[in-house]
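Coordinate inspection notes
The residues making up each chain are set out below.
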Amino acid sequence: MLWFIGLGVSGVSELSDGTLSVIKNAEVVYLESFTSPIIEAEKKHLDNICNGEFKIAKRWLVEDGNEIIENAKKKETVLISYGDPYIATTHLELKTRAIKNNIETKTIHSSSIVSSLIGEVGLHYYKVGSVLTIMDDPKSIITPYNTIFDNLLNRMHSVILLEYNEDKSFFLEPQNALSMLLSCEEKQKRKIISSKTFGIVASRIGKNDQRIISGNIDNLIKRKFGEPPH
């Protein structure tokens, strides 16, 4: 058996008694650590809940998947991730592999950062176009730039996720992402983005210290947004 369980945006406090019971009774529990940084207190909390083996799963372990699949063939196995399990395509691929190996799968869904932040900033989910990610690589900025263009053509908002590198404990800052978009506009000259484009920076959504700051890009670039993720 392989369970996929979402922690939502608020962490362990969002889990029902039934979900906690599944985690408690599992023989092997993996906490995936690359979708979002793990809060140490929640890591210890989940470890204390588990009666079975508890392991932190880095990206390579989930992408490779062999260890999880082999355990799930013989044991009650759980993979926990922040947000909703299937926002990350890696988890869907793992579920497909489990089904092909005749492993029963079950899912406990939870709130996703994508849907949660849209409501928190006062927008409507049905007016949001393709979600995109900006990486800390100027050469890759053309892809999100084009996605924003496509969304605008469809009169849709763009939700931009920022790179999180687990191994380097690196978070791309909103100011850097906005600067990269403006630099791309200077080269492309397609009038998609300007310093007067209106944006919203949402930080630590679902946490007690969440912050939402809006304004034109030329003003946002000068702001401080506090602790990540943004």
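Our structure is the block above this text.
Residues numbered from 1 in each chain as written. Predicted model: local features only at pLDDT ≥ 70, side-chain atom pairs only at ≥ 80, totals over all residues. Heavy atoms only, no water.

With respect to the overall build of the chain
Along the chain, the regular secondary structure elements total 9 helices and 11 strands. A compact globule built from 230 residues would reach a C-alpha radius of gyration of about 17 Å, and the chain, at 19 Å, matches this within 12%. Its C-alpha atoms put the chain at 55 × 35 × 35 Å along the principal axes. Taking the contacts inside the chain whose residues are at least 6 apart along the sequence as the reference set, 69% of them involve residues at least 24 apart. Total accessible area computed for the chain in this model is approximately 12400 Å², and 49% of it derives from carbon and sulfur atoms. Separation between the mean location of the 28 positive side-chain charges and that of the 29 negative ones in the chain comes to 6 Å. (Helix = DSSP H or I, 4+ residues; strand = E, 2+ residues; numbered from the N terminus. Rg over C-alpha atoms; globule rule 2.2 N^0.38 Å. Contact = heavy atoms within 4.5 Å. Areas by Shrake-Rupley, 256 points an atom, 1.4 Å probe, with all protein chains shown as cover. Lys, Arg positive; Asp, Glu negative; His and termini not counted. Charge placed at Lys NZ, Arg CZ, Asp CG, Glu CD.)

Section: helix α4 (residues 66-74)
Taken residue by residue, α4 has I68, I69, N71 and A72 as its buried positions. Projected onto a plane normal to the axis of α4, the buried residues spread over an arc of 165 degrees and lie on a single side. Among the structural elements, β1 (2-6), β2 (28-32), α3 (59-64), β4 (77-81) and α5 (89-100) are those in contact with the buried residues of α4. (Buried < 20%, exposed > 50% of the residue type's maximum accessible area, 1.4 Å probe, protein only. Arc of directions from axis to C-beta.)

Digging into the nonpolar core
Formed by 20 residues in total, the largest nonpolar core has its most connected members in I134, I141, I148, L181, I193 and L220. Counting residues per element, the ones that place at least two in this core are β6 (132-134), α7 (142-153), α8 (174-188) and α9 (217-220). The biggest single contributor to this core is α8, with 6 residues. Sequence-distant contacts of L220, defined by excluding residues within four places in its chain, comprise Q175, L178, G199, I200, V201, I213, S214, G215 and F225. (Core = buried A, V, L, I, M, F, W, Y, C linked by side-chain atoms within 4.5 Å.)

Observations regarding the sheet that holds strand β3 (residues 53-57)
One open sheet holds the 5 strands; their spatial order is β3-β2-β4-β1-β5, and the pairing between them is parallel. Where the open sheet ends on each side, the last strands, each with one partner, are β3 and β5 (105-108). For this sheet, the mean angle separating the axes of adjacent strands, direction not counted, is 20 degrees. α4 rests against β1, β2, β3 and β4 of the sheet, and its axis sits at about 150 degrees to β2. Against the sheet, α5 engages β1, β2, β4 and β5, with an angle of about 160 degrees to β1. (Pairing = 2+ DSSP bridges. Axes fitted to C-alpha atoms, helices over the stretch in contact; angles between N-to-C directions.)

Section: the pairing of β1
Of all 5 residues making up β1, 5 are buried, and the element is well covered by its neighbours. Neither face of β1 is exposed, since L2, F4 and G6 on one face and W3 and I5 on the opposite face are all buried. Pairing analysis gives 5 bridges linking β1 to β4, with the strands arranged parallel. By the bridge assignment, F4 is partnered in β4 with L79. Of the strand pairs in this sheet, β1 and β5 are connected by 4 bridges, and their pairing is parallel. Counterpart to W3 in the pairing with β5 is K106.

Digging into the layout of surface pockets
For the second largest pocket, the calculated volume is near 150 Å³. Lining the second largest pocket we find P138, I141, I142, M180, S183, C184, K187 and Q188. In terms of residue count, the dominant contributor to the lining of the second largest pocket is α8 (5 residues). Across the lining of the second largest pocket, the residue classes break down as 5 nonpolar, 2 polar and 1 charged. (1 Å grid on protein atoms, 1.4 Å probe; cavity = no way out; pocket = protein on both sides within 12 Å on 5 of 7 lines; lining within 4 Å. Points joined across faces, edges and corners; volume = space filled by probe spheres on them. Nonpolar A, V, L, I, M, F, W, Y, C, P; charged D, E, K, R; others polar.)

Focus: the packing of α7 against α8
At a closest axis distance of 10 Å, the pairing of α7 and α8 adopts a crossing angle of 80 degrees. When the interaxial angle is binned, α7 and α8 end up roughly perpendicular. Facing α7, whose interface residues are I142, Y145 and I148, α8 presents L181, C184, E185 and Q188. Classifying every residue of the contact of α7 with α8 gives 5 nonpolar, 1 polar and 1 charged. (Parallel < 35°, antiparallel > 145°, perpendicular 65-115°, else oblique.)

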